[in-house]
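A look at the structure
As a plain string of letters, each chain reads:
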Amino acid sequence: MTETLPQALGSARAGDTPIREFKMPDVGEGLTEAEILKWYVQPGDTVTDGQVVCEVETAKAAVELPIPYDGVVHELRFPEGTTVDVGQVIISVDVAPGSGPAPASGETEAAAPAAPAAPAAPAEGGEPEGRQPVLVGYGVSQSSTKRRARKGAEAASVPSQESAPEGTYYSSPAAAAVQAELNGHSAPAAPAAPAAPAAPAAPAAPAGARPLAKPPVRKLAKDLGVDLATVTPSGPDGVITREDVHAAVAAVSAPATEAPAAPVSRETTPAAQAPVQELAVASGARETRIPVKGVRKATAAAMVDSAFTAPHVTEFVTVDVTRTMKLVEELKSDKDMQGLRVNPLLLIAKALLVAIKRNPDVNASWDDAAQEIVLKHYVNLGIAAATPRGLIVPNIKDAHDKTLPELASALGELVSTAREGKTTPAAMQGGTVTITNVGVFGVDTGTPILNPGESAILAVGAIKLQPWVHKGKVKPRQVMTLALSFDHRLVDGELGSKVLADIAAILEQPKRLITWA
């Protein structure tokens, strides 16, 4: 049995010292463990209610955990990189520093200089007043949250930014230059340059304080090997923006090349979406072992369970989508679609939704415990997304009720959120049917495995110019191949074929979106 959110908050230890323990909460539904990616505090740091103290990665997403009370960090129970079971204590906090016995061995009063008296801890077993439930803990207090003072600038640096061994590889020259600068080494072929000076105190981030930045910006900085403490913020109230991080990359890498480095973009290629991999390869090494954990571990378990539980059947169809491609271009200039992401996937998603409306029995799930087929009268459309942390499948809630502009907006938001690493566990729950687009990699199609609990998944292949018989003549046409995998316990060959044929017919003649919808 996993810990519930209220159970994740430990009470004071027996004795005089008012130590409160914070346990690893279940930040999703039924998760049993999470990996500690990064600690933002150290023993002796002052923390306030609602302050983020660490980032953890579950089987579904990366989540920042806020501490639910004020005080001074007493102990961190696990180092970064450790996988911790839900319910285990991960951090303890002295909520009334100076009022109890002397700190434990190895701790000194200097660990938290001039720590202000913390508010009295809430009564044991009772909920603090004036808070609303959030993802973890009891939520932030009504008062504005304060940032804790760090013991030194070194505490803000990422552990992976320590001196890298020979053979370390980076995803771009700019990232390598940044890492070299952070390590105190000059970049290759660069003229002698003084060590990067300490960043001047920003208005909202005084020396020693944790730099202000949103989680996606922190992840971008981590991917590029940039220490946020060295970045000059340009956002409101001293907040570091993505542009500030890119500017820091360009500034550091400029001496290493004759021309300034171009800003790194996450939009260019799939490889640009991957984080900086600091893979130390020993000379002559023939193998590299990578621990299976987090999203990769969950995906592997789910795929094995699905593959050997649901009897899969996959059918294929090749279709002329020339008219669909013309419609995509027309929609891009439509005033109702301005500012929205318009691409073939949008019309493929709409075609699938129409096909499900015409064949509702395909939208179901198999309840093995109750020995029942559960027909869904709604469609939560999953979109498989490859992210730096692995494959995730967030879904668009109630996609069947959305107009084309609403669907385009939802798709754009889903993709952007996934690329920034901000997809929440809730966004990946409750899916009914999924689309996986392998065509972006130039692949014709595949035999996709069902997302657990779903009855069908559509694989979208690459759209290619091919010779095709059109109106009795061989002409070059835009052609693609679709593959539909379905659970044969729920969907027989006739139903599966009808669904796939309807999708193909709509993409061949998009006007059917009007007549069939």
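What counts as what
- Residues numbered from 1 in each chain as written.
- Predicted model: local features only at pLDDT ≥ 70, side-chain atom pairs only at ≥ 80, totals over all residues.
- Heavy atoms only, no water.
- Helix = DSSP H or I, 4+ residues; strand = E, 2+ residues; numbered from the N terminus.
- Buried < 20%, exposed > 50% of the residue type's maximum accessible area, 1.4 Å probe, protein only.
- Polar contact = N/O pair within 3.5 Å; in protein donor to acceptor, adjacent residues only side chain to side chain.
- Contact = heavy atoms within 4.5 Å.
- Pairing = 2+ DSSP bridges.
- pLDDT = per-residue confidence, 0-100.
- Phe/Tyr/Trp six-rings, centres within 6.5 Å; stacked < 30°, edge-to-face > 60°.
- Lys NZ or Arg CZ within 6 Å of the ring centre and 35° of its normal.
- Core = buried A, V, L, I, M, F, W, Y, C linked by side-chain atoms within 4.5 Å.

**What to know about the side chain of Thr-432**
- Its location among the elements puts Thr-432 in the loop between helix 7 (404-419) and strand 18 (433-437).
- When its relative accessible area of 2% is taken as the criterion, Thr-432 is described as buried.
- Of the polar contacts made by the side chain of Thr-432, one reaches the side chain of Asn-363; its length is 3.1 Å.
- Those residues within four positions of Thr-432 in sequence are excluded, and the remaining contacts are Asn-363, Lys-376, Tyr-378, Val-379, Asn-380, Glu-454 and Ser-455.

**Let's talk about the pairing of strand 12 (residues 364-367)**
- Taken together, the four bridges between strand 12 and strand 13 (residues 372-375) define a ladder with antiparallel strand orientation. Bridging across to strand 13, Asp-367 finds its partner in Glu-372.
- Joining the antiparallel neighbours strand 12 and strand 13 is a turn of four residues, in which Gln-371 adopts a positive phi near 55°.

**Examining the confidence of the model for the protein chain**
- Overall, the predicted model of the protein chain reaches an average pLDDT of 74, with 67% of residues at or above 70.
- Note on residues 1-15: pLDDT is under 50 here. Beyond four places in sequence and across chains, it has 43 contacts.
- Per-residue pLDDT stays below 50 along residues 102-205; that stretch engages in 163 contacts with residues further than four places along the chain or on separate chains.

**A word on unusual backbone geometry**
- At Gln-371, a residue that is not glycine, the phi angle is positive and equals roughly 55°.
- As for its position among the elements, Gln-371 is in the loop between strand 12 and strand 13.
- For Asp-398, which is not a glycine, the phi torsion comes out positive at approximately 50°.
- If you trace the backbone, Asp-398 turns up in the loop between strand 17 (395-396) and helix 7.

**Side note on the sheet that holds strand 6 (residues 71-76)**
- Here four strands make up an open sheet; going across it, the order is 1-8-6-3 and the pairing antiparallel. Each edge of the open sheet is held by one strand with a lone partner, namely strand 1 (19-23) and strand 3 (46-47).
- Summarising the sheet, strand 6 and strand 8 (residues 89-94) pair through four bridges and their orientation is antiparallel. Residue pairing for strand 8: Leu-76 is matched across the bridge by Ile-91.

**Structural notes on the packing of aromatic side chains**
- Counted by the stated rule, this structure contains zero aromatic pairs.
- Over the aromatic face of Trp-516 sits the side chain of Arg-358, whose NZ or CZ is 3.8 Å from the ring centroid.

**Considerations on the environment of Ala-504**
- As for its placement among the helices and strands, Ala-504 is situated in helix 8 (residues 493-508).
- A C-alpha to C-alpha distance of 9.7 Å links Ala-504 and Met-480, two positions 24 residues apart in sequence.
- Once residues lying within four places of it in the same chain are set aside, the contact partners of Ala-504 are Val-317 and Val-319.

**Details of the nonpolar core**
- Formed by 49 residues in total, the largest nonpolar core has its most connected members in Ile-435, Leu-458 and Ile-503.
- Going through the elements one at a time, helix 5 (322-332), helix 6 (344-358), strand 14 (381-383), helix 7, strand 18, strand 19 (456-460), strand 21 (473-487) and helix 8 are the ones with two or more residues in this core.
- Residue contributions to this core peak at 11 residues, all from helix 6.
- For Ile-503, the residues in contact, after removing those within four places along its chain, are Ala-351, Leu-352, Ala-355, Leu-458 and Leu-482.

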